[in-house]
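Here are the chains, one letter per residue:
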Amino acid sequence: MHSFVYRANALLTFAVTILALMCAMASLSDNFNSPSPTAEVQVLNINWFQKKPDGDDEVSLTLNISANLQTLFTWNTKQVFVFLAAEYETPKNALNQVSLWDGIIPTKEHAQFWIHTTNKYRFIDQGSNLRGKGFNLTLHWHVMPKTGKMFADKLAMTGFRLPETYR
Amino acid sequence: MTRSDSTTSSSIIKAAGSLRLHYLPKPFFSRQKSSELVASPMDWQGQKLAEHLMQLPLVLFAVLAFITGYVLGSFQTMLLIYAAGVILTSLIMVPNWPFFNRHPLNWLDSSEAEKYPKPQPANLGMKKKTSKK
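Just so you know, these numbers come straight off a predicted model, no measurement behind them. Along each chain, the written sequence defines residue order, and numbers are assigned to residues from 1. Here chains are named by letter from A upward and ligands by number from 1 upward, in the order in which they appear as written. The predicted nature of this model means local features are confined to residues of pLDDT at least 70 and side-chain atom pairs, given and counted, to a pLDDT of 80 or more, with totals for whole chains, interfaces and linings taken over all residues. Only heavy atoms go into the side-chain values, all of them from the structure, while hydrogens and water stay out.

Give a detailed account of the overall build of chain B, specifying residues and quantitative values.
The helix and strand labels rest on DSSP assignments: H or I over at least four residues marks a helix, E over at least two residues marks a strand, and numbering proceeds from the N terminus. Helix and strand counts for chain B come out as five helices and zero strands. Along its sequence from the N terminus, chain B presents helices and strands in the succession α-α-α-α-α. The burial tally for chain B puts 23% of its 133 residues in the buried class. The contact rule is simple, with two residues in contact once any of their heavy atoms fall within 4.5 Å. The contacts of chain B with a sequence gap of at least 6 include a subset with a gap of at least 24, amounting to 66%. Residue-level accessible areas treat just the shown protein chains as cover; the underlying method is Shrake-Rupley with a 1.4 Å probe. Just so you have it, chain B exposes about 10100 Å², and 66% of that area is on carbon and sulfur atoms. A simple rule labels every residue: compare its accessible area, found with a 1.4 Å probe on the protein chains alone, to the largest value its type can have, and call it buried under 20%, exposed over 50%, or partly exposed in between.

Give me the lowdown on the overall build of chain A, citing residues and values where you can.
Looking only at helices and strands, chain A has one helix and eight strands in total. When the elements of chain A are put in sequence order from the N terminus, they spell out α-β-β-β-β-β-β-β-β. Our radius of gyration is a C-alpha quantity, and the globule rule it is checked against amounts to 2.2 Å times the number of residues to the power 0.38. For 167 residues, the compact-globule estimate of 2.2 N^0.38 gives 15 Å, and the C-alpha radius of gyration of chain A, at 23 Å, exceeds that figure by more than 25%. Once the C-alpha set of chain A is aligned to its principal axes, its extents read approximately 85 × 30 × 25 Å. Counting every position in chain A, which comprises 167 residues, the buried fraction comes to 43%. Taking all contacts inside chain A whose residues are at least 6 apart in sequence as the whole, residues at least 24 apart take part in 66%. Just so you have it, chain A exposes about 9000 Å², and 56% of that area is on carbon and sulfur atoms. Charge counting treats Lys and Arg as positive and Asp and Glu as negative, with His and both chain ends excluded. All charge positions are set by atom: Lys at NZ, Arg at CZ, Asp at CG, Glu at CD. Seen as two clouds, the 15 positive and the 13 negative side-chain charges of chain A have centres 6 Å apart.

Give me the pattern of salt bridges: which residues, what numbers.
All names here are of chain A. For this analysis, a salt bridge means a side-chain nitrogen from Lys or Arg found within 4 Å of a carboxyl oxygen belonging to Asp or Glu. One pass over the structure, following the stated rule, counts three salt bridges over all chains. The residue Asp 54 makes a salt bridge to Lys 52 at a minimum N-O spacing of 3.9 Å. Classification of Asp 54 by relative accessible area gives exposed; the value is 55%.

Break down the UniProt feature "signal peptide" (unreviewed entry) in chain A for me, with residues and values.
UniProt positions are given in the numbering used here, feature names are shortened, and annotations may be inferred rather than shown by experiment. Those places that UniProt annotates as "signal peptide" (unreviewed entry) correspond, in this numbering, to residues 1-26 of chain A. Annotation note: span residues 1-26 of chain A, helix share 88%, strand share 0%, distance between end C-alpha atoms 32 Å.

Tell me what's going on with the interface of chain B and chain A, and back it up with residues and numbers.
On the chain A side, the residues contacting the 29 residues of chain B number 20 residues. As used here, buried area is the combined drop in accessible area, with a 1.4 Å probe, of two parts when they are placed together. Here chain B meets chain A over a buried area of about 2100 Å², counting both sides, of which 84% is carbon and sulfur. In terms of surface lost to chain A, no three residues of chain B exceed Phe 66, Phe 75 and Val 94 of chain B, which account for 30% of the buried area on that side. Inspection of the region where chain B meets chain A yields zero salt bridges. Think of a polar contact as two N or O atoms within 3.5 Å of one another; within protein, one of them needs to be a possible hydrogen donor and the other a possible acceptor, and neighboring residues in sequence only count if both atoms come from side chains. Seen at the junction of chain B and chain A, the total is three residue pairs in polar contact (both at pLDDT 80 or more). Elements that contribute at least two residues to the side of chain B that touches chain A include exactly helix H2 (44-72) and helix H3 (75-93) of chain B. For the side of chain B that touches chain A, the element with the highest residue contribution is H2 of chain B, accounting for 12 residues. Of the residues assigned to the side of chain B that touches chain A, the class counts are 19 nonpolar, nine polar and one charged. Each residue gets one label: Ala, Val, Leu, Ile, Met, Phe, Trp, Tyr, Cys and Pro are nonpolar, Asp, Glu, Lys and Arg are charged, and the others, such as Gly, are polar.

Which residues make up the environment of Met 22 of chain A, and what values go with them?
With respect to the helices and strands, Met 22 of chain A occurs in helix H1 (residues 4-29). When the C-alpha positions of Met 22 of chain A and Thr 147 of chain A are compared, they lie 9.7 Å apart, and in sequence the two are 125 residues distant.

Before we move on, can you summarise the UniProt feature "transmembrane region" (unreviewed entry) in chain B with the specific residues and values?
According to UniProt, the positions carrying the feature "transmembrane region" (unreviewed entry) are residues 52-72 and 79-100 of chain B. Helix makes up 100% of residues 52-72 of chain B and strand 0%. Its end C-alpha atoms lie 30 Å apart.

How would you sum up a nonpolar patch on the surface? Please name residues and give values.
Patch members must show over 30% relative accessible area and no salt bridge, and they are joined within 9 Å when carrying like charges or within 5 Å when they are nonpolar side chains of Val, Leu, Ile, Met, Phe, Trp or Tyr. A cluster of nonpolar side chains, namely Phe 32 of chain A together with Val 59, Val 63, Ile 67, Tyr 70, Val 71 and Leu 72 of chain B, defines an oily patch on the protein surface of about 740 Å² accessible area. Examined against the element boundaries, Ile 67 of chain B turns out to sit in helix H2.

Now, about the confidence of the model for chain B: what can you tell me, with residues and values included?
Residue and element names in this part refer to chain B. Residue-level confidence of the predictor is summarised by pLDDT, bounded by 0 at the bottom and 100 at the top. Model confidence for chain B is summarised by a mean pLDDT of 74, while 62% of its residues fall at 70 or above. Mean pLDDT in chain B bottoms out at helix H1 (residues 2-20), which sits at 47, and peaks at H3, which reaches 96. Low confidence marks residues 1-10, where pLDDT is under 50. Its contacts with residues over four positions away, or in another chain, come to two contacts. Below pLDDT 50 for its whole length, residues 34-39 participates in seven contacts with residues either more than four positions away or in separate chains. The complex prediction reports pTM at 0.74, with the ipTM value standing at 0.85.

Give me H3 of chain B: which residues, what numbers.
In this model, H3 of chain B (19 residues) spans 27 Å end to end at C-alpha, consistent with the 27 Å of a helix rising 1.5 Å per residue. Residues of H3 of chain B that are buried: Phe 75, Met 78, Tyr 82, Gly 85, Val 86, Thr 89 and Met 93 of chain B. Down the axis, H3 of chain B shows its buried residues gathered within 100 degrees of arc, on one side only. Of the residues in H3 of chain B, the exposed ones pointing more than 90 degrees away from the buried face are Gln 76, Leu 80, Ile 87 and Leu 91 of chain B. Tucked into the core, H3 of chain B has its buried residues touching H1 of chain A together with H2 of chain B. Any helix carries an expected span of 1.5 Å times its number of residues minus one. Of all possible arcs, the one meant is that of the directions from the helix axis to the C-beta atoms.

Pasting the structure below:
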């Protein structure tokens, strides 16, 4: 501690170390949050359902997605990334997940939403297995923190089925 | 001759320093007695005080910042309080304030040191003999 530069260096190093500890504590405090999110999805319409020239099936849907994800937000939340995935089983794959829509929720106020949209990303199968196929629509979310650990969870909504024939 | 020069010049410099610049911490001006050139501007007690003056306020500000940020639900508030604490702590312990030098070490005055000859290294004669070969 015998010179200006030495003391300035000691101060900055100690200050940054304590800052790192504060950020770790802030991340740990996220574990005390017990969220209770709700979500509901309706398939309003199957717009079209075709077999593409390369042999894969493709569906276009109009969806109504409503959710309340406000309890996911803590003081250490930067944003919540949310996406809706169609999940189904085929003879070749035990689980197929196709992302149909996603969005970024920047603040708690935006976390209660209702959206009416066609699928943002194409619903294409690896093959032609979709006729008459029953599928789940699962809402996944990733709670992205300001510092520390990211939490991810999902909510599965079952009971959806595609038509037996192409339209 | 050299002894009288150093004392007159150092006393003039010291007088000038005390007239205008004595209220500034030492890094901002560097007029020092020749005996003080070897010593650091801060004494041992001052260094210990500086270390405590760094650790305690930083930890206290960190605790205060975290609790305030958590209760208010604002990460930004925590960072702002902590940043203010870091700046405040740097102002009180980084510059070379006079209160850090209240227990100065008394180095032997150069006029006194010159009275007693420095001990000569004993193996100087032996070294000369081996280098000749």
